[in-house]
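The residues making up each chain are set out below.
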Amino acid sequence: MDFFQVFIELAQSTVRVSTPLILAALAGLFTERAGVFDIGLEGKMLGAAFAAGCVAYITQSVYMGLLAAIVVSVLLSLVHGYASITQRGSQIVSGVAINFVVAGSTVILGEAWFKQGGRTPALSEDGRFGTIHLPFADALRDVPILGPIYSGLLSGHSPLTYLAFLMVPASWWILYRTRFGLRLRAVGENPGAVDTAGISVIWLRYRAVICCGILCGIAGAYLSLSAGAGFTKGMTAGKGYIALAALIFAKWRPKNILFACLLFGFLDAFAIRYQGFAFPLIGKVPVQLMQALPYILTVILLAGFIGKAIPPKAGGVPYVKER
Amino acid sequence: MSVPYAKLPAWAEYGLIPLVNLAVAFLISGLVVLIVGESPLEAAYHMINGAFGRGEYIGFTLYYTTTFIFTGLAVAVAFHAGLFNIGGEGQAYVGGIGVALACLALDRTLPWYLVFPIAIVGAAFFGALWAMIPGWLQAKRGSHIVITTIMFNFIAASLMNYLLNKVFKPLGSMSLETRTFDAGGQLPKLDWLMSIFGLSVGNAPFNISFLLALVAAFGVWVLIWRTKLGYEMRTMGHSPAAARYAGIKEAKIIVITMMISGGLAGMMALNPIMGEQFRMQLEFVQGAGFVGIAVALMGRSHPAGIIPAALLFGMLYQGGAEISFEMPSISRDMIVIIQGLVILFAGALEHMFRPAITRLVIGLSPKARDVAATKGA
């Protein structure tokens with residue numbers, strides 16, 4: 001029973017840690033499937049988290065905070081889109097630039113506006129997302145096995161967490177079952193063919209980039225309005241890069257993204273909980289190894305040692321209509 | 001890469017366009033200063049004064065410049081072969097192992113001028129090793145170098161954290177750093193160089209690795225433009241298909257280019273470890289690997305451009321410290337914004353002003369018009 005209790009707690013923190021990863025990885029899925037590489041997920045999430053923290057504090061409304069996060073993140077996406085789609089600049093360079101601009105400006109603006117060392121003021125309950133308690137969660141708590149799973153694991157998360165998990169089938173449906181999704185995937189594989197069919201490659205890619213902005217915005221809002229109570233300096237702490245790793249690890253597929261993010265989230269939750277824990281057979285695993293594991297796994301996968309991750313064919317290449 | 005633009009005369013291509021891009025980046029940074037409620041002109045004054053106002057300030061500026069020359073060259077060498085090495089940060093960090101090992105082993109027995117060459121080799125070796133793996137994975141397994149080098153930055157951070165914790169930290173010490181090196185592990189300052197100009201270096205850690213950086217810059221120029229290997233690298237950067245057709249071994253060039261790039265990034269570790277702190281600390285790289293990207297983009301991947309670009313960023317780092325001292329509402333994070341904007345305008349948006357500048361330049365000089373007509377738009 002004790003073991004089971006530990007399992008439930010671990011699973012619950014895995015879900016919590018995975019939420020922003022899932023949202024950000026899905027965000028990356030939309031742009032990268034359309035042929036626009038995006039290593040600026042980190043920056044967009046950070047900018048969104050900052051906007052959410054500021055606006056939610058000023059308006060005392062969590063929904064205004066969420067809206068601000070999405071607006072800022074979409075604007076940053078459009079900068080990336082303008083540089084890499086319209087100006088045909090390097091997508092990697094543009095992503096790096098966005099990460100830096102956001103990392104610097106969130107601290108400078110936060111300090112100028114709130115004077116709390118780059119933080120935004122702590123949010124009250126109104127400014128944060130509460131937790132959703134599923135019906136009968138309390139009543140069923142004492143039912144063996146199913147009770148803890150239902151009330152401990154499934155119930156009691158932020159609405160954004162449920163949204164994130166719902167976005168996985170929703171993204172699958174958009175990408176694989178709608179006309180927009182088909183065209184979006186086609187533009188990432190063979191933009192010339194899409195152009196020949198009389199569909200604007202530019203406009204399609206811009207729409208993909210906007211989708212990415214919206215999802216990154218929600219991911220950022222989750223960090224400052226749900227996981228934390230306000231924005232703190234550099235609060236994404238590499239989550240954007242882990243999401244990028246998860247996206248590759250998932251071979252650019254929605255269902256795999258869910259599992260990749262849960263795996264990376266689990267590693268994180270496990271590392272936090274079991275620092276210096278001695279395993280049977282292997283003994284003590286250094287906490288640094290646990291932290292590096294998502295990156296190591298991604299490198300191994302990318303190298304084709306576990307399956308093969310093949311990126312969208314036209315990824316990273318700006319489209320030139322006429323030569 | 002197809003360049004759908006008219007050819008410009010060299011002074012416009014290498015002078016005017018980077019200057020315009022830089023000016024826009026600084027204008028927007030000025031706007032941020034305005035939003036914060038301070039005067040951009042006053043900030044600019046403090047920056048220039050803080051970077052060049054006194055011999056000591058110049059010494060600090062040149063100390064940062066040294067670091068950025070190394071990381072800028074590292075990114076540039078990879079650029080020439082069409083590779084984007086975003087992992088300079090991790091390579092420099094791991095390069096620190098080589099410096100620390102050389103110094104810890106020899107600083108009590110050998111003088112600095114014997115330890116220094118060994119430390120150079122060590123730094124370059126470990127940096128090259130850390131870049132070789134992503135290079136090999138790209139060449140043989142087809143994994144994208146940008147993604148692998150990003151991952152290797154994080155892996156390096158974890159690795160170094162572990163090593164400093166378990167291997168390098170002296171017994172009984174709490175802080176994550178090696179012991180302080182003795183005289184053999186301390187590079188001499190370049191006070192004689194400064195005193196030629198009648199300046200005093202003061203407390204600035206401006207040291208002999210600056211000269212090594214200049215030598216490295218010259219070496220990169222020779223390598224890229226005067227050797228067979230450099231020619232093969234450039235061929236591959238311009239057209240991988242042509243390189244393959246010419247019988248250039250792609251895999252070999254990728255791995256060697258990445259090792260040179262990583263070696264240069266690793267040598268950056270000499271400057272802070274042997275030149276300033278005389279010990280290896282946690283996170284001693286402090287983002288210099290990423291500044292290298294901005295420096296290489298600004299400097300158009302040419303050593304003659306990288307040295308002034310590195311000086312510019314050295315000025316930003318030293319002057320930025322002075323701004324944050326004089327104007328507390330503008331912290332050193334301002335530099336990160338400027339760095340990002342420079343990368344955006346000099347890198348991703350480098351073609352934004354090109355059509356307008358092309359029209360202007362061609363309108364001004366008939367000679368340029370002829371060039372444009374023959375080279376074709």
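Right above here is the structure, for reference.
Note that the coordinates shown come from a computational prediction; the quantities given were computed from them, not determined experimentally. (Residues numbered from 1 in each chain as written. Chains lettered and ligands numbered in written order. Predicted model: local features only at pLDDT ≥ 70, side-chain atom pairs only at ≥ 80, totals over all residues. Heavy atoms only, no water.)

### Regarding the packing of helix α2 (residues 41-59) of chain A against helix α9 (residues 201-227) of chain A
All names here are of chain A.
- One way to put it is that α2 packs onto α9 with a least axis distance of 7 Å and a crossing angle of 55°. Classified by the angle their axes make, α2 and α9 are oblique. The handedness of the crossing between α2 and α9 comes out as right-handed. Within the contact between the two elements, α2 uses Leu41, Lys44, Met45, Ala48, Ala49, Ala52, Gly53 and Ala56 and α9 uses Cys212, Cys216, Gly217, Ala219, Gly220, Ala221, Leu223, Ser224 and Leu225. (Axes fitted to C-alpha atoms, helices over the stretch in contact; angles between N-to-C directions. Helix = DSSP H or I, 4+ residues; strand = E, 2+ residues; numbered from the N terminus. Parallel < 35°, antiparallel > 145°, perpendicular 65-115°, else oblique. Left-handed = near helix turned anticlockwise from the far one by under 90°. Contact = heavy atoms within 4.5 Å.)

### Concerning the nonpolar core
Residue and element names in this part refer to chain B.
- Counting residues in each nonpolar core, the largest one holds 208 residues, and the members touching the most others are Leu270 and Phe313.
- Broken down by element, this core gets its largest block of residues, 13 residues, from helix α3 (residues 55-80).
- Ignoring anything within four residues of it in the chain, the contact list for Leu270 reads Val99, Phe116, Ala119, Ile120, Ala123, Leu187, Leu212 and Gly275. (Core = buried A, V, L, I, M, F, W, Y, C linked by side-chain atoms within 4.5 Å. Buried < 20%, exposed > 50% of the residue type's maximum accessible area, 1.4 Å probe, protein only.)

### Notes on the interface of chain B and chain A
- In this complex, chain B contributes 43 residues to the contact, which on the side of chain A involves 44 residues.
- The largest share of the area that chain B buries against chain A comes from Arg141, Met151 and Phe154 of chain B, three residues that together contribute 16% of it.
- Where chain B meets chain A, there are 0 salt bridges.
- Our count for the contact surface shared by chain B and chain A stands at 3 residue pairs in polar contact (both at pLDDT 80 or more).
- In terms of residues, the side of chain B that touches chain A owes the most to one element, helix α6 (residues 145-168) of chain B, which gives 12 residues.
- Of the residues assigned to the side of chain B that touches chain A, the class counts are 29 nonpolar, 12 polar and 2 charged. (Buried area = accessible area lost by both parts, 1.4 Å probe. Salt bridge = Lys/Arg side-chain N within 4 Å of Asp/Glu carboxyl O. Polar contact = N/O pair within 3.5 Å; in protein donor to acceptor, adjacent residues only side chain to side chain. Nonpolar A, V, L, I, M, F, W, Y, C, P; charged D, E, K, R; others polar.)

### Points about the environment of Ser151 of chain A
All names here are of chain A.
- Position of Ser151 relative to the elements: it lies in helix α5 (residues 146-154).
- A sequence separation of 16 residues divides Ser151 from Pro135, and the C-alpha atoms of the two residues are 9.2 Å apart.
- Discounting residues that sit within four places of it in the chain, Ser151 has contacts with Ala137 and Arg141.

### Considerations on the packing of aromatic side chains
- Per the counting criterion, the structure on display carries 21 aromatic pairs over all chains.
- A ring pair is formed by Tyr63 of chain A and Phe129 of chain A, whose centres lie 5.9 Å apart and whose planes are at 90°; its orientation type is edge-to-face. Of the two residues, Tyr63 of chain A is situated in helix α3 (residues 62-86) and Phe129 of chain A in the loop between α4 (91-114) and α5; the sequence distance between them amounts to 66 residues.
- Assessed through its relative accessible area of 57%, Tyr63 of chain A is described here as exposed.
- Overall, the relative accessible area of 8% leaves Phe129 of chain A in the buried class.
- Taken together, the ring pairs connect Tyr63, Tyr64, Phe68 and Tyr317 of chain B into an aromatic cluster. (Phe/Tyr/Trp six-rings, centres within 6.5 Å; stacked < 30°, edge-to-face > 60°.)

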